[in-house]
Each structure stands twice: as C-alpha cells, then as structure tokens.
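Close look at the chain arrangement
So you can see what is in the structure, the chains are spelled out below.
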Amino acid sequence: MDRTDNNILFHKMFHIEGGDFTSAGLISDQVKKILREGGFPKKVIRRISIATFEAEMNVICYATRGDLSLFIAHHFLKIVVDDEGDGIPDINLAMSDGYSTADEKIRELGFGAGMGLPNIRRNTDEMVLTSTFRQGTHLEFIIYLERQKNMLPFE
Ligand SMILES: Nc1ncnc2c1ncn2[C@@H]1O[C@H](COP(=O)(O)OP(=O)(O)OP(=O)(O)O)[C@@H](O)[C@H]1O
Ligand SMILES: [Mg+2]
C-alpha cells in the first residue's frame, strides 16, 4: 500500500483553553501515552510529542480556545489544531527562528523563544499553517510511519 491509503484507525479530540497555563503539556502527555500504548517507535513518539507540545502551548499562549485532534492511520500520525483567537497576521514571519510576540507573563513562564513553530516544522514530515487575522489559526502536521509488526492495537 502507498501513502495515499489514509483510512483513519483512531481519532481523539482534546479541548484546549486559552490562557490555562496550569494545563500546559497535559494534552501532549495524553497523546504520548496513547502512542506508547499503541507500540509506536520511540523516535516517532518523540517527534510527534515535541510538535504536539509546541502546538498546544501556542493555543494556550495566543488563542482563546482550540481543539487538537490526533489521527492514527496505517501510514501516518496526524495532528490537527483549530483555534479561535487573534490569528497570525504574517505566517512567514511567525515561522522564522526566534520570532515571538510573547508578553512578559509568557516569558516568565519560560516560553516565548520563538522556536515553537520552527520546531514543529523540523520534527514533522509535512506541516500546514493557515490563519485568518482576528479569527483563528489552523495547524496540521503529519509524521509518516514505516510499518511495524507490533502495532496490533491499531490494526
Ligand atoms: N495559535 C496561534 N495563534 C496566534 N498567534 C500564534 C499562534 N501560534 C503562534 N503564534 C504567533 O507566532 C509566534 C511564533 O510562534 P512560536 O511558537 O514559533 O514561538 P513562541 O510561541 O513565541 O515561543 P516558543 O514556542 O519558543 O515558546 C508567536 O509569538 C505568536 O505571535
Ligand atoms: Mg510557541
């Protein structure tokens, strides 16, 4: 089978509340747990966990609310995040290393290095980021899987 086979074997959606820093990382932890239980390769889990954490934090830092979905298919893992909020006026600028509009509060919590979106791009095989200014942002990324014999829970 080739990469065009996109039958979804598993889907779970998580809600993210903007500004809720006490929940930071909880969703990427849950995604990691699901993938560990699914027996996915450590390297794949590490890459998608990093990208998912950065996506989750951006909703918490910059949006009002959002939904993050994990999709597991035979040949890929995919995360889709839709949020409502201010959106991103200039995607290219936002994607560049070190660019951040994080305020003092966000920086005090250790975020705002401007490396989240570049990190997502580096850790994934495909990434799409679109945004409507003053409405919200859509982000999705994919990691392709090589077939593993021990992925039975999702066969
Ligand atoms: N979901 C979003 N909604 C609105 N703006 C966003 C969103 N995601 C990113 N941005 C904007 O893009 C900028 C760059 O995001 P990126 O994740 O690369 O860095 P950061 O969040 O500022 O810092 P870091 O991720 O290193 O903690 C942000 O500072 C913010 O202005
Ligand atoms: Mg970020």
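Whatever comes next refers back to the structure up there.
This text gives an overview of the structure that appears in the document. Note that this is a predicted model, so its numbers are computed, not measured.

You can see Ser 69 is positioned in strand E2 (residues 63–73). In this structure the side chain of Ser 69 is engaged in a polar contact, spanning 3.0 Å, whose partner is the side chain of His 11. Residues contacting Ser 69, with those up to four places away along its chain left out, are His 11, Lys 12, Met 13, Lys 78, Ile 79 and Val 80.

Quick look at helix H1 (residues 26–37) now. If you check H1, its first and last C-alpha atoms are 17 Å apart, about what 12 residues at 1.5 Å a residue would give, namely 16 Å. Every buried residue of H1 is listed here: Ile 27, Ser 28, Val 31, Ile 34 and Leu 35. Down the axis of H1, the smallest arc covering the buried residues is 120 degrees, so these residues share one side. The exposed set on the far side of H1, more than 90 degrees from its buried face, consists of Lys 33, Arg 36 and Glu 37. Residues of H1 that are buried make contact with strand E1 (8–17), helix H2 (42–62), E2 and strand E3 (76–85). Directly beyond the C-terminal end of H1, a positive phi value near 75 degrees is found at Gly 39.

What follows covers the nonpolar core. Within the largest apolar cluster, 36 residues are counted, with the highest numbers of intra-cluster contacts made by Leu 35 and Phe 141. Elements with a minimum of two residues in this core: E1, H1, H2, E2, E3, helix H5 (116–123), strand E4 (126–132) and strand E5 (136–144). The dominant element in this core, judged by the number of residues it contributes, is H2, at nine residues. Those residues in contact with Leu 35 that lie beyond four places of it in its chain are Phe 40, Ile 45, Ile 48, Leu 70, Ile 72 and Leu 77.

Our next topic: the pairing of E4. Pairing geometry for E4 and E5, over seven bridges, is antiparallel. Looking at the pairing, Thr 132 lines up with Gly 136 of E5. Linkage of E4 to E5, two consecutive antiparallel strands, is achieved through a turn of three residues, within which Arg 134 is found at a positive phi near 70 degrees.

Right, let's talk about unusual backbone geometry for a bit. Glycine aside, a negative phi is what most residues show, and trans is what most peptide bonds show. Despite not being glycine, Arg 134 has its phi angle at roughly 70 degrees, a positive value. With respect to the secondary-structure elements, Arg 134 resides in the loop between E4 and E5. For Arg 134, a relative accessible area of 67% gives the class exposed.

One pass over the full model with this rule turns up six salt bridges. Two residues, Arg 47 and Asp 125, come together in a salt bridge whose shortest N-O distance is 3.0 Å. Of the two residues, Arg 47 is situated in helix H2 and Asp 125 in the loop between H5 and E4; the sequence distance between them amounts to 78 residues. A relative accessible area of 16% means that Arg 47 is categorised as buried. Between Asp 67 and Arg 65 there is a salt bridge; the shortest N-O distance is 3.3 Å.

Calculation criteria
- Residues numbered from 1 in each chain as written.
- Chains lettered and ligands numbered in written order.
- Predicted model: local features only at pLDDT ≥ 70, side-chain atom pairs only at ≥ 80, totals over all residues.
- Heavy atoms only, no water.
- Helix = DSSP H or I, 4+ residues; strand = E, 2+ residues; numbered from the N terminus.
- Polar contact = N/O pair within 3.5 Å; in protein donor to acceptor, adjacent residues only side chain to side chain.
- Contact = heavy atoms within 4.5 Å.
- Expected span 1.5 Å × (residues − 1).
- Buried < 20%, exposed > 50% of the residue type's maximum accessible area, 1.4 Å probe, protein only.
- Arc of directions from axis to C-beta.
- Core = buried A, V, L, I, M, F, W, Y, C linked by side-chain atoms within 4.5 Å.
- Pairing = 2+ DSSP bridges.
- Salt bridge = Lys/Arg side-chain N within 4 Å of Asp/Glu carboxyl O.

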